Amino acid sequence: MPISHHPDKLFAELSGKELSQIARASADISFVLDDLGSIQSIYSDNKNLSKQISEDLIGKKWSEVVEPDSKKKVQSLLDDASPDTITKFRQINMIGNERNVALPMMCASIKTSSNQKIIVIGRDITEVSRLQQNLVSAQKEISQNYLQISQIEERFRSIFEIGTESIVIVKADDAYPIIEMNRNAIKQLLLAKNNCIGNSLLSLFPAGELSKAANFLEGVQETDEPSILKTVLSNGEATQISATSFINSGIPYLLLNLKPLDLAKASSLLDADSLTVKAIENNAYGFVVCTPEGLILKTNKAFNKLSATRGEQELIGTNIRNYLGPERTDFDQMMQSLQGKASSQSCVSSITNATSSIKLVDISAVSVAQPRACIGMIFRQVDSRQNKGARIDKKLVRSSQELSMLVGKVPLKDILAETTDLIEQLCIKAALDLTQDNRVSASEILGLSRQSLYIKLRKYGLVDLNKDID
């Protein structure tokens, strides 16, 4: 059925009394205003609303009896009033009898053509406003509760991380995937966190212990009491595992506490969080503790920044060589000399990261035998040009001494040829260091063609002969 947008025909045959009843039914309150906006009369059938409105409004301007935030809206309703159409409804907050309590209304206005009066009709939205306030209060309370929960979660996570025990949380299903683990567990297992999360806990056990470990984990779910298992992990470490079950959001989990049966090993794990190490963590130089084979045990913030990694947990269990530049000969020689004896060594190498940037570093290393064999390293970032110049000077001095011993034994032309080769080799190395092994840029610096540079690289053994050069 089509809807008429011109109700004149509908109301044309109605009497004045009937029109009055329709007006009363469509509004909770009505105001009659003059051209200046002064209230001349008020009518309301809503008894609750009538009690809350002041009785001395007659003669006052409507804009004077509303809250400050509604004055502009009142003026708009007065300016827009027209005999042709009713204005759009606006929320007006009137001043009520009770102190600090506003009366919210949705008001519209129309100007009569007979006497040029302005009639304002209002609908009481107190209940709607109260619901809105309750909603805002509920949202505020939810936000506060969420903040409190976040703070509690952060405190528990801090306790989880800084505690002296090795904690692992797994999901209690057939695969027993690892959900979370703290830093002590990472150090004990010597595995990077990223390589563990989501993987099965059973992958940490050797084949001979799998059946016993699976039966143990299944039995933990059937009892409320903590269970204990003495076993051996894949890394050969004798370990005692204490386990208990809990449920979160309807999903069962297992909380495992791993304790090395080797007391010396347990003590070394605690030492990693000693005050001395905590002081080193805030050192400006990169610091790394690794096994004699190069597996990282601990790093500080400066090394995390050098290697452009997100944190220590991403590094633990990985090999330090993964973060070094392509030239590792000096580093490997240093590591070899530290094997099996307590001594200190140093070398110059470079750190490469995920962004492919290379940073030149001076590495000082010392080996420790007790209570556990490990190697501590300090990485000091140095200026490429300055450091390379120092190394070139050192090699030149050493080579000059060697060449002076050849005088009288070798013809001068041979000595000059060898010296020329030495200088050429050092210049090529310096150019490669300055350009971070960019051979195109190095050839431009040296004034050589790319093909000539490649020939000299092969001549002086500065390139891997097994690697093709385009």
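Residues numbered from 1 in each chain as written. Predicted model: local features only at pLDDT ≥ 70, side-chain atom pairs only at ≥ 80, totals over all residues. Heavy atoms only, no water.

(A) How the structure looks around the sheet that holds strand β15 (residues 374–381). Pairing is antiparallel in the open sheet, where five strands are placed in the order β12-β11-β15-β14-β13. Looking at the sheet topology across the chains shown, the edges are occupied by β12 (296–299) and β13 (344–352). Across the sheet, the mean angle from the axis of one strand to that of its neighbour is 25 degrees, orientation sign disregarded. Alignment of strand β14 (residues 358–368) against β15, held across eight bridges, turns out to be antiparallel. Bridging from a neighbouring strand, isoleucine 363 pairs with phenylalanine 379 of β15. Each of β11 (286–290), β13, β14 and β15 is contacted by helix α12 (residues 329–338), which is oriented at about 145 degrees to β13, the strand it contacts most. (Pairing = 2+ DSSP bridges. Helix = DSSP H or I, 4+ residues; strand = E, 2+ residues; numbered from the N terminus. Axes fitted to C-alpha atoms, helices over the stretch in contact; angles between N-to-C directions. Contact = heavy atoms within 4.5 Å.)

(B) Just the sheet that holds strand β10 (residues 251–260), in detail. As summarised here, the arrangement of the five strands in space is β7-β6-β10-β9-β8, forming an open sheet in which the pairing is antiparallel. The two strands at the open ends of the sheet, each matched to only one other strand, are β7 (178–181) and β8 (227–232). Here the average twist between neighbouring strands, direction ignored, is 25 degrees. Pairing geometry for strand β9 (residues 238–248) and β10, over ten bridges, is antiparallel. Along β10, the bridge assignment pairs alanine 243 with leucine 256. Contacting β8, β9 and β10, helix α7 (residues 210–220) runs over the sheet at an angle of about 165 degrees to β8.

(C) The environment of leucine 255, seen in detail. Tracing the chain through its elements places leucine 255 in strand β10. Residue leucine 255 is classed as partly exposed on the basis of its relative accessible area of 31%. In this structure the C-alpha to C-alpha distance between leucine 255 and alanine 172, which are 83 residues apart in sequence, comes to 9.7 Å. (Buried < 20%, exposed > 50% of the residue type's maximum accessible area, 1.4 Å probe, protein only.)

(D) Spotlight on the confidence of the model for the protein chain. Mean pLDDT for the protein chain: 78, with 79% of residues reaching 70 or above. Least confident of the elements in the protein chain is helix α13 (residues 384–404), whose mean pLDDT is 48; most confident is helix α4 (residues 71–80), at 90. When the criterion is pLDDT under 50, residues 384–398 qualifies, and its contacts beyond four places in sequence or with other chains add up to 17 contacts. When the criterion is pLDDT under 50, residues 465–470 qualifies, and its contacts beyond four places in sequence or with other chains add up to seven contacts. (pLDDT = per-residue confidence, 0-100.)

(E) Spatial organisation of the pattern of salt bridges. Going through the model one piece at a time under the given rule, you end up with six salt bridges. Where lysine 60 meets aspartate 56, a salt bridge forms, and the shortest distance between an N and an O atom there is 3.5 Å. Residue lysine 60 is classed as partly exposed on the basis of its relative accessible area, which comes to 32%. A salt bridge links glutamate 424 to lysine 456, with the shortest nitrogen-to-oxygen separation between them at 2.8 Å. Pair noted here: glutamate 424 is in helix α14 (residues 412–434) and lysine 456 is in helix α16 (residues 450–459), with a separation of 32 residues, a long-range link. Here glutamate 424 falls in the partly exposed class, since its relative accessible area comes to 25%. (Salt bridge = Lys/Arg side-chain N within 4 Å of Asp/Glu carboxyl O.)

(F) Quick look at the packing of aromatic side chains. Applying the stated criterion across every chain yields a total of four aromatic pairs. Their ring planes at 55 degrees and their centres at 5.0 Å tell us that phenylalanine 303 and phenylalanine 379 sit as a pair that is tilted. You can see phenylalanine 303 sitting in helix α10 (residues 301–306) and its partner phenylalanine 379 sitting in strand β15, a full 76 residues away along the chain. Residue phenylalanine 303 is classed as buried on the basis of its relative accessible area, which comes to 0%. Overall, the relative accessible area of 1% leaves phenylalanine 379 in the buried class. Taken together, Phe303, Tyr323 and Phe379 form an aromatic cluster joined through their ring pairs. (Phe/Tyr/Trp six-rings, centres within 6.5 Å; stacked < 30°, edge-to-face > 60°.)

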